[in-house]
Amino acid sequence: MDVNARPPPPDTSQIGDWRSIITLIVFIITNVVVSFPFHIPIPVPRSLSDAFLRGLCKLRIIPPPSHQETEDGGRWVVLRFHVSTVMAPLYACLFLLAILAIGRREVYDGTIGSENIEPYDVMIFFITLAYVALSIDASGLLRYLAFRVLQKGGGHGRRLYLYLYWFFFALGTAIGNDPIVLSGTAFLAYMIRGSSNIASARAWVFSQFAVANISSAILVSSNPTNLVLAGAFQIRFIDYTANMIVPVVLTALVLFPCLLFLVFHDERLIPRAIDIHELPDADKNREPVNPNVPFAGAGENRSPVAEILNPYLDRRQAIVSCTIMAATLISVLLINAITASRGGHPTPVIYVTMPAAALCFCSDLLMGWQRRHETRAQADRGRMLSERASIENELRGEVSSSSAVVTDSSVFEKPPAGTPDDELDAAVERAMAMRRTEQAAQPATLTSKMRDAYAWWRETFPAASIVISRLPFPLVPFAFSMFVLVQGLVTKGWVAVFGYGWNAWVERTGVVGAIAGMGFLGVFLSNFTGTNIGTTILLCRIMQAWQQILASDGRTVSARTFWGAVYSMALGVNYGAFSSVLCASLAGLLWHSILLSKGVLVRRLEFFRVNVPIIGIATAVGCSVLVGEIYITRPDRPYVA
């Protein structure tokens, strides 16, 4: 190549500037905070706090405080400013903007895009496709399929473990890891509760989380990290899947016996025969409860495992949502392949997924409106039974103050022990009537109006409302902020420095070193650079800087080396989601919170200790298979962009 025709090398002249140094420091600190979020206590004088609340009351934004809230609690009110996993990158961007370390260029490139990475396209695609996937979940189909798997496996522990493993793998491939985490985690927690001889949920929930993230590496649409990577290197969706399916499937095949016989070999974790509690006859004869309807089934004394062994399924919604999902994925693959074959710029995938999500949303609204009388009646009945049970427990004195509904217990008298049921019922009716009278006497406020509007929305459109509430909207500011932070490293020269380091590593280690090194970086950095999304953004920029370095020197690398590194990155950032810390992915935080709500506590040390052998086996197998695949399918000629 003519020296004059070569592009200039990446600019590293700014790394000595104080703003460049601060940008790197802020990036490192931000990613530490992402892994270990905290809050800052801010003391505020109570007089100032009370004056502010009184102002809100006068404006009828909030209701007047209750008697307990007006009691003197000291001179200070402590507010907590949360520096959370999701918000830490946004705070970092605002700080860097304030000191002029980054500016309009970084914000534009980090939101609109540059170098074939278009953040807005990635996030819109992910959110819209997530709506369709979560609509499938809201229909009850995943819960019903899990019930069929449980029914098929019966009391055979290892057979059931095998069925669930491949069940979650298949679903994770089709619809991504988030719906599996949302539905599968709760299902497993209930299943363990319904068994009498499984000592711990560890083997089941850790395997589910691992296989959900492994399988999400097959399709571009299954994970936002795949979208970033495919966009950065202009990879056709069908080519991506063709290169990833063999390493991922073989990883799953090898990992299963390792989990069963090595990692979770204890008979108490995966018994040979599982004793599943029988569902009471009363629950067998009841109609399944739609879990999307608020208060549905409340106060009916249903068995905790009824949701598993007598699952709700909306067949019409499931058929419509599955049809839309299948049509969307097929359309995305076809359009991507056609435009790429013609040599044009790939058509933005949001042109397919946005209409699909809109169609699915309209379908959910239509079906909700058609059934509004039924769902509202279910919600009203459940609310009444729940309120009645709460008051009855208060009257009996059988609940603690932490679990009882907050009421002014002085408005009625508790009946003495041994009161006949008729007198108890009469006391409950009087208390309920008095409570309604007090609620009616309260002036309407903005808060109460919003609460009523939300209740109407939830009861009228239960499926649409539950899907929207589960959409990963917090991912949007997090991802955009991470894009901006990485773009700050690009403009300040740090990504170029990392690119020179990667170039030196590849020169010394070749194809195998490129695959092993990028796989390790993908897994390792997922724990320390703002989850696997931040890692994907950073590594893609480093690879692009590496390409510029090679072009400026007039050198090339083999197609084996380049594509081996790219697909190894895909393995690393997907597998890295279940490595050593919960915040390696937002799905990990969601998984942990769902388990905690079901009474299953996973400590950070346990997460690390259990996942280290799993991630070690998965990464070693995946990268080893990829090495063989690359040598077979890729020529040894120079890579041409």
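The name given to the protein chain in an unreviewed UniProt entry is Arsenite efflux transporter, with Stachybotrys elegans as the source organism. UniProt, in its Subcellular location (unreviewed entry) section for the protein chain, records the words "Cell membrane".

When helices and strands are tallied, the protein chain shows 26 helices and 2 strands. Taken along the three principal axes of its C-alpha coordinates, the protein chain extends 95 × 60 × 45 Å. The burial tally for the protein chain puts 51% of its 641 residues in the buried class. Pairs at least 24 residues apart make up 82% of the contacts formed inside the protein chain by residues separated by at least 6 positions.

Glancing now at the pattern of salt bridges. The tally for this structure, following the rule as stated, stands at 13 salt bridges. For R105, the salt bridge identified is with D109, shortest N-O distance 4.0 Å. Highlighted residues: R105 and D109, both in helix 5 (residues 104-111), separated by 4 residues, approximately one helical turn. Here R371 ties to D314 by a salt bridge, and the two come within 2.3 Å at their closest N and O atoms. With R371 in the loop between helix 16 (350-370) and helix 17 (372-396) and D314 in the loop between helix 14 (306-309) and helix 15 (315-341), this residue pair connects regions lying 57 residues apart in the sequence. Within this structure, D380, R383 and E459 form a network of salt bridges that share partners.

Here the focus is the confidence of the model for the protein chain. Put simply, the protein chain has an average pLDDT of 84, and 92% of its residues get 70 or more. In the predicted structure, residues 398-411 sits below a pLDDT of 50 and forms 12 contacts with residues beyond four places in sequence or in another chain.

On to the packing of helix 8 (residues 157-175) against helix 10 (residues 202-215). Packing of helix 8 against helix 10 brings their axes to within 8 Å, and their N-to-C directions diverge by 30°. As judged from the angle between their axes, helix 8 and helix 10 are roughly parallel. Our pair here, helix 8 against helix 10, has a crossing hand that is right-handed. Note on element contacts: helix 10 touches helix 8 through A203, W204, S207, Q208, V211, I214 and S215, opposite G157, L160, Y161, L164, Y165, F168, F169, G172 and T173. Broken down by class, the residue content of the contact of helix 8 with helix 10 amounts to 10 nonpolar, 6 polar and no charged.

The geometry of helix 22 (residues 494-526) relative to helix 24 (residues 559-575) is characterised by a closest axis approach of 5 Å and an angle of 15° between their N-to-C directions. One way to sum up the angle between helix 22 and helix 24 is to call them roughly parallel. The way helix 22 lies across helix 24 gives a crossing that is right-handed. Together, W502, V506, V511, A514, I515, M518, G519, G522, V523 and S526 of helix 22 and R560, T561, G564, A565, S568, M569, G572, V573 and Y575 of helix 24 make up the contact between the two elements. Grouping the amino acids of the contact of helix 22 with helix 24 by side-chain chemistry returns 11 nonpolar, 7 polar and 1 charged.

Its identity as a non-glycine residue notwithstanding, Q234 has a phi of 55°, on the positive side. On the secondary structure map, Q234 appears in the loop between helix 11 (224-232) and helix 12 (237-263). In this structure Q234 comes out as partly exposed when scored by relative accessible area, which is 35%.

For T30, the location among the structural elements is in helix 1 (residues 18-35). Classification of T30 as buried rests on a relative accessible area of 5%.

All right, on to a nonpolar patch on the surface then. A surface patch of nonpolar side chains, about 420 Å² in accessible area, is lined by F38, I40, I42, L79 and F81. By the element assignment, F81 lies in strand 2 (residues 76-83). Accessibility expressed as a relative area gives 36% for F81, which makes it partly exposed.

Before going further, it helps to spend a moment on the nonpolar core. Counting residues in hydrophobic clusters, the biggest one holds 162 residues, and the most contacted among them are M191, W204, F233, F264, M543 and W591. By residue number, the principal contributor to this core is helix 6 (residues 119-138), which donates 12 residues. Leave out the neighbours within four places in its chain, and F233 touches C540, M543, Q544, Q547, F562, W563, V566 and M569.

About the cut-offs
Residues numbered from 1 in each chain as written. Predicted model: local features only at pLDDT ≥ 70, side-chain atom pairs only at ≥ 80, totals over all residues. Heavy atoms only, no water. UniProt positions renumbered as here; feature names shortened; annotations may be inferred. Helix = DSSP H or I, 4+ residues; strand = E, 2+ residues; numbered from the N terminus. Buried < 20%, exposed > 50% of the residue type's maximum accessible area, 1.4 Å probe, protein only. Contact = heavy atoms within 4.5 Å. Salt bridge = Lys/Arg side-chain N within 4 Å of Asp/Glu carboxyl O. pLDDT = per-residue confidence, 0-100. Axes fitted to C-alpha atoms, helices over the stretch in contact; angles between N-to-C directions. Parallel < 35°, antiparallel > 145°, perpendicular 65-115°, else oblique. Left-handed = near helix turned anticlockwise from the far one by under 90°. Nonpolar A, V, L, I, M, F, W, Y, C, P; charged D, E, K, R; others polar. Patch = residues over 30% accessible without salt bridge, like charges linked within 9 Å, V, L, I, M, F, W, Y side chains within 5 Å. Areas by Shrake-Rupley, 256 points an atom, 1.4 Å probe, with all protein chains shown as cover. Core = buried A, V, L, I, M, F, W, Y, C linked by side-chain atoms within 4.5 Å.

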